[in-house]
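Chain and residue survey
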Amino acid sequence: MRRRDECELNCVKKIKELTKKTYQCPMENCSQTSTDFISLGLFPSSITGLVLFILIVLIFLMVLLGNLSVILLILLDSHLHSPMYFLISQLSLMDLNYISTIVPKVASNFLFGNKSISFIGCGIHSFLFLTLAIAEALLLTSMAYNRYVAICFPLHYSIHISKRVCVMIIESWIMGSINSCAHTTYVFHIPYCVFMAIDHFFCNVPAMLTLGCHG
């Protein structure tokens, strides 16, 4: 009976390996210093995948060009050197870095078929993604506060906003980095199973948590 149970367990593990699904493994088979993760990707290996890839690349180039245009326009036009437009330029900069963190790696995986990413590389990827996401959310909050003061307290605008706009931007980056560092440190200190395939197109923290070993 015991032998039969062991055979069934091995069969289940082999099936999960073939279908590239994560599984829970015993602690003795876990590895906290595994070298590479495997990203299962976004595009299927078919005509549909190729069409989706071209569409994503075109959207990426449009967003890239649009954000660069906004940053250059605000930088070159002296009439736009105001707190609100400065915040918009920072938002464009964050969007620029945000998409550049994900899309080039996804495109590289599809074109060259190399879906592996190193342990350190995945950590950097996750840290940058979370930092930019959180910083952008905080920056949008600062922009909302900026509009609130401009509409409700126009006479106090120069006092409350003009002198604090740089502080709000710096706080957004710092708070985003601290929050991201906490999440990234935690997720990369848990033991991982031998089969380290991320069921996502980038190093997403929730997807990576499913790879952790459970004793």
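Residues numbered from 1 in each chain as written. Predicted model: local features only at pLDDT ≥ 70, side-chain atom pairs only at ≥ 80, totals over all residues. Heavy atoms only, no water.

Attention shifts here to the overall build of the chain. In terms of helices and strands, the chain carries 7 helices and 3 strands. Looking at the chain residue by residue over its 215 residues, the buried ones come to 34%. A separation threshold of at least 6 residues defines the contact pool for the chain, and within that pool the share at least 24 residues apart is 75%. About 13100 Å² of surface is accessible on the chain, with carbon and sulfur atoms providing 70% of the total. (Helix = DSSP H or I, 4+ residues; strand = E, 2+ residues; numbered from the N terminus. Buried < 20%, exposed > 50% of the residue type's maximum accessible area, 1.4 Å probe, protein only. Contact = heavy atoms within 4.5 Å. Areas by Shrake-Rupley, 256 points an atom, 1.4 Å probe, with all protein chains shown as cover.)

A few words on the packing of aromatic side chains. On inspection of all chains with the given rule, the structure shows 2 aromatic pairs. Measuring from centroid to centroid gives 5.4 Å for Tyr98 and Phe129, while their planes differ by 20°, and the two rings are stacked. Highlighted residues: Tyr98 in helix H3 (residues 83–112) and Phe129 in helix H4 (residues 119–152), separated in sequence by 31 residues. With a relative accessible area of 25%, Tyr98 lands in the partly exposed category. Overall, the relative accessible area of 12% leaves Phe129 in the buried class. When the ring of Tyr148 is compared with that of Phe153, the centres are 5.8 Å apart and the planes differ by 75°; the resulting orientation is edge-to-face. Owing to a relative accessible area of 43%, Tyr148 belongs among the partly exposed residues under this scheme. Given the relative accessible area of 38%, Phe153 is considered partly exposed. (Phe/Tyr/Trp six-rings, centres within 6.5 Å; stacked < 30°, edge-to-face > 60°.)

With that out of the way, let us pick up the UniProt feature "transmembrane region" (unreviewed entry) in the chain. UniProt's feature table lists "transmembrane region" (unreviewed entry) at residues 50–76 and 116–140, given in the numbering used throughout. Along residues 116–140 the backbone is 88% helical and 12% strand, and the end-to-end C-alpha distance reaches 34 Å. (UniProt positions renumbered as here; feature names shortened; annotations may be inferred.)

In this structure, Phe37, Cys122, Phe188, Tyr192, Ile198 and Met208 are the most contacted members of the largest nonpolar core, which totals 23 residues. Mapped by element, the contributors of at least two residues to this core are H3, H4 and helix H7 (205–209). Looking at this core, the element that brings in the most residues is H4, giving 4 residues. Those residues in contact with Met208 that sit more than four places away from it in its chain are Phe37, Cys122, Val187, Phe188, Tyr192, Ile198 and Cys203. Leu87, Tyr157, Val165 and Met168 belong to the second largest nonpolar core, which has 13 residues in total. (Core = buried A, V, L, I, M, F, W, Y, C linked by side-chain atoms within 4.5 Å.)

Another aspect to go through is the packing of H3 against H4. Relative orientation of the contacting elements H3 and H4 amounts to 160°, with a least axis distance of 10 Å. Our classification of the angle between H3 and H4 gives roughly antiparallel. H4 is crossed by H3, and the crossing has left-handed handedness. (Axes fitted to C-alpha atoms, helices over the stretch in contact; angles between N-to-C directions. Parallel < 35°, antiparallel > 145°, perpendicular 65-115°, else oblique. Left-handed = near helix turned anticlockwise from the far one by under 90°.)

Moving on to the sheet that holds strand S2 (residues 116–118). Pairing in this open sheet of 3 strands is mixed, and the strands run S2-S1-S3 from one edge to the other. Across the chains shown, the open sheet's two edge strands, defined by having one partner strand only, are S2 and strand S3 (197–198). Pairing analysis gives 2 bridges linking strand S1 (residues 36–39) to S3, with the strands arranged parallel. The partner of Ile38 across the bridge, within S3, is Ala197. Contacts from H4 reach S1, S2 and S3 within the one sheet, and its direction differs from that of S2 by about 85°. (Pairing = 2+ DSSP bridges.)

This next bit is on helix H6 (residues 165–187). Between its first and last C-alpha atoms H6 spans 33 Å; for 23 residues at 1.5 Å apiece the expected length is 33 Å, and the two agree. Burial in H6 covers these residues: Val165, Met168, Ile169, Ser172, Gly176, Ser180, Thr184 and Val187. Buried-residue contacts for H6 involve H3, H4, helix H5 (157–162) and H7. (Expected span 1.5 Å × (residues − 1).)

Once that is clear, we can look at helix H2 (residues 47–76). With 30 residues, H2 extends 43 Å between its outermost C-alpha atoms, agreeing within 8% with the 44 Å of an ideal straight helix rising 1.5 Å per residue. Within H2, burial applies to Gly49, Phe53, Phe60, Asn67 and Ile74. At its buried positions, H2 is contacted by H3.

Glancing now at the side chain of Asn67. Residue position: Asn67 is located in helix H2. Sequence-distant contacts of Asn67, that is, excluding residues within four places in its chain, are made with Ser92, Asp95 and Leu96.

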